[in-house]
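A look at the structure
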Amino acid sequence: MKLLSNNQSDMMPPDSAFHFTPRHTRRILCLFPEYAWSFATFNYAFQLMGQVKAFMPPQGILFVAAMVPAGWEVRFVDENVRPATDSDLLWADVVFTTGMHIQREQIHDIIARAHRAGKSVVLGGPSASSAPEWYPDADIIHCGEVGDATYRLFELIDRSPGRSQEQKILRTVERLPMTELPTPAYHLINIRNYLLGTVQFSSGCPLTCEFCDIPALYGRRPRHKHPEQIIKELDILAAAGAPSVYFVDDNFIGDPQATRELLPHLVAWQEKWDGQVRLSCEATLGLAKHPDILAQMRDAFFTNVFCGIETPEPVALRAIKKTVNLQKPILEVIDTLNTYGIEVAAGLIMGFDSDTEQTPLVIADFIRASQLPIQTVNILYALPKTPLYDRLKAAGRIVCDDHRDSNIQFLQPYEQVVTNWRRVIAGAYEPKALYQRYATQAKKTYPHRRHHEYPLRQATPRNLRRAFSMLSRLIWYAGLRSNYRAEFWSMFWTQLRQGQIENIFQIAMVAHHLICYAQDCVAGRTHASNYAKRIRAQPTARDEITDGNKVVPQLVRNPTVD
Ligand code: B12
Ligand code: SF4
């Protein structure tokens, strides 16, 4: 007997190793905690978009929702869209929740609310999987990807859904093959509440960057789904109206051969949907070594790729074992990706042992030279289950102080690292500099993108209504009330003259978030690392953009350094 999924039992082949038939009916409430606002969550853009309330639907818990045994009822609430109510909690027998380290305060809050309603809580996902000891308050912890532990979990709940005296930790030893994963429970979400849809093709990464917990959590040998599973998921998301879909794989080219096998299916799928859905993913800079993959990505309407650049300093890249970034000059690699119409978003880190007084200037130079609009800069944090954590622990350099934004005893004074980080952010997201980088992309990258064969097909009454409503918000917030009006209008008229209406929306929305969020960073309203435990006040969408960047002096390169 197979583990019959609640809604997609057709996706589970009959020879599945995971078998379970429940004896009782149960009600499962899947609750996704709120994100902390960050560069990566785009919250400020939502006020320009009407129905959108959150960045992406969470794949992990939607998988679990789809795997809940047949006959059990399941509900899903994403607290980024709306908070769970008392009646949601009272309805449930058991609450399932998940999250990243950054969401840990919100996870504890969900557990407390569920307990007040008398319900037991099962916690899974990346944070609990790598640091279950941080969650003594959860009733059951599910460590790792779905597999034998999930089967044991359902058995336990079937026997008794109530809270037990002692916490149980269930660890997956045998993962469910990705080819046997059901379609995530997309039917439980309203995709129009999200900026992007999500799919997962592969899991795991073959590299071993010192600071990263992916190899320990998801393995070094990438496993992947059948292309047919992805096409089915994309069909569901496109039919529901997702304008854009993000591949949540750690590294889209972790197994380049598998990527090669998937891409022709994506190209054919885009023919069917006339390129209505833009695609994006995360990959290493090693992508530039595969022109055949890049050409197919272009044909499949991939427009954005997030790359962990980490630092432009070779000595640091060597020390953290990010050698894939040393194979070719980074700026050359970015140029290559741009010629396929792909805009690169860069992840950058400050606080490495090799950082010197010059590092912030080197990073600022890189931001200018690369002309990448989105550069997420964080200070280093040692995550549990990483070689970095083990090394620093052995050296006595792990600090437990919830008032700091990193748990690392840096070689430079902590205050200096944070000040440098603020200065880099202030310079990077000074509105003029950001809009200049977008202007460069509009000339250098976007013209290489594939165009719709029948652009007028997009002009449905629904799309037009949406576009007019967004345009009026853009004009109000960016064109009239912001302190970067001049840059907005200059971009607006340039793109309008060239007939690039889509660019206007993309650029203005993302830029609005980046500028507002950077101003929060510079004014000290955020954390310098997205892992910090200290509770942060969630900013709220502001009506007016103030001159936050002026709080911190800009970086001025010392002429002798050049
Ligand atoms: C997409 C993504 C994002 C998205 C959105 C995530 C979302 N909606 O959930 C965005 C861009 C917002 C994001 C941002 C960040 N992210 Co991120 N992100 C990812 C990524 C690439 C994919 C997430 C995903 O969908 N995975 C696929 C699903 C299927 O995997 P999963 O969630 O682990 O779920 C499986 C199991 O865990 C289990 N499971 C999950 N939940 C539950 C619940 C129950 C009850 C049960 C039984 C089982 C279960 O079942 C699932 C199937 O096997 C992961 C890497 C990864 N491989 O997961 C990083 C990752 C989750 N992100 C990470 C980090 C650090 C960040 C940032 C802090 C980065 C930064 N420095 O800015 C920011 C924080 C943003 C914020 N302010 O909140 C870390 C988290 C580390 C940790 N251990 O907590 C990861 C693991 C990557 C890494 N090591 O760097 N991220
Ligand atoms: S390439 Fe990315 S996912 Fe892979 S180990 Fe390095 S940081 Fe982690």
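For the structure itself, look to the data block above.
Quick summary incoming for the structure in this document.

1. Describing the site of ligand 2
The immediate surroundings of ligand 2 are formed by Cys205, Leu207, Thr208, Cys209, Cys212, Ile214, Pro215, Asp250, Asn251, Thr284 and Gly308. For the shell around ligand 2, a count of residues per class yields six nonpolar, four polar and one charged.

2. As for unusual backbone geometry
Although it is not a glycine, Asp274 sits at a positive phi angle of roughly 50 degrees. Counting through the fold element by element, Asp274 comes out in the loop between helix H9 (256–273) and strand S11 (278–282). On the neighbour-count criterion, Asp274 (14 C-beta atoms within 10 Å) is partly exposed. Backbone geometry at Lys385 places phi at a positive 65 degrees, although glycine is not the residue there. Residue position: Lys385 is located in the loop between strand S14 (375–379) and helix H14 (387–394).

3. Section: the sheet that holds strand S5 (residues 140–143)
Read from one edge of the open sheet, six strands run S2-S1-S3-S4-S5-S6, paired in parallel fashion. Of all the strands in the sheet, just strand S2 (73–78) and strand S6 (168–171) have a single pairing partner and so form its edges. The sheet shows a mean angle of 20 degrees between the axes of neighbouring strands, direction not considered. Looking at chain direction, S5 and S6 are connected through four bridges and run parallel. Bridge pairing in S6 places Ile141 opposite Ile169. Contacts between helix H6 (residues 148–159) and the sheet are confined to strand S3 (94–97), strand S4 (120–123), S5 and S6, with S5 contributing the most and set at about 160 degrees to the helix.

Thresholds applied
Residues numbered from 1 in each chain as written. Chains lettered and ligands numbered in written order. Predicted model: local features only at pLDDT ≥ 70, side-chain atom pairs only at ≥ 80, totals over all residues. Near = placed C-beta within 6 Å. Nonpolar A, V, L, I, M, F, W, Y, C, P; charged D, E, K, R; others polar. Helix = DSSP H or I, 4+ residues; strand = E, 2+ residues; numbered from the N terminus. Buried ≥ 20, exposed ≤ 12 C-beta atoms within 10 Å, placed from the backbone. Pairing = 2+ DSSP bridges. Axes fitted to C-alpha atoms, helices over the stretch in contact; angles between N-to-C directions. Contact = placed C-beta atoms within 7 Å.

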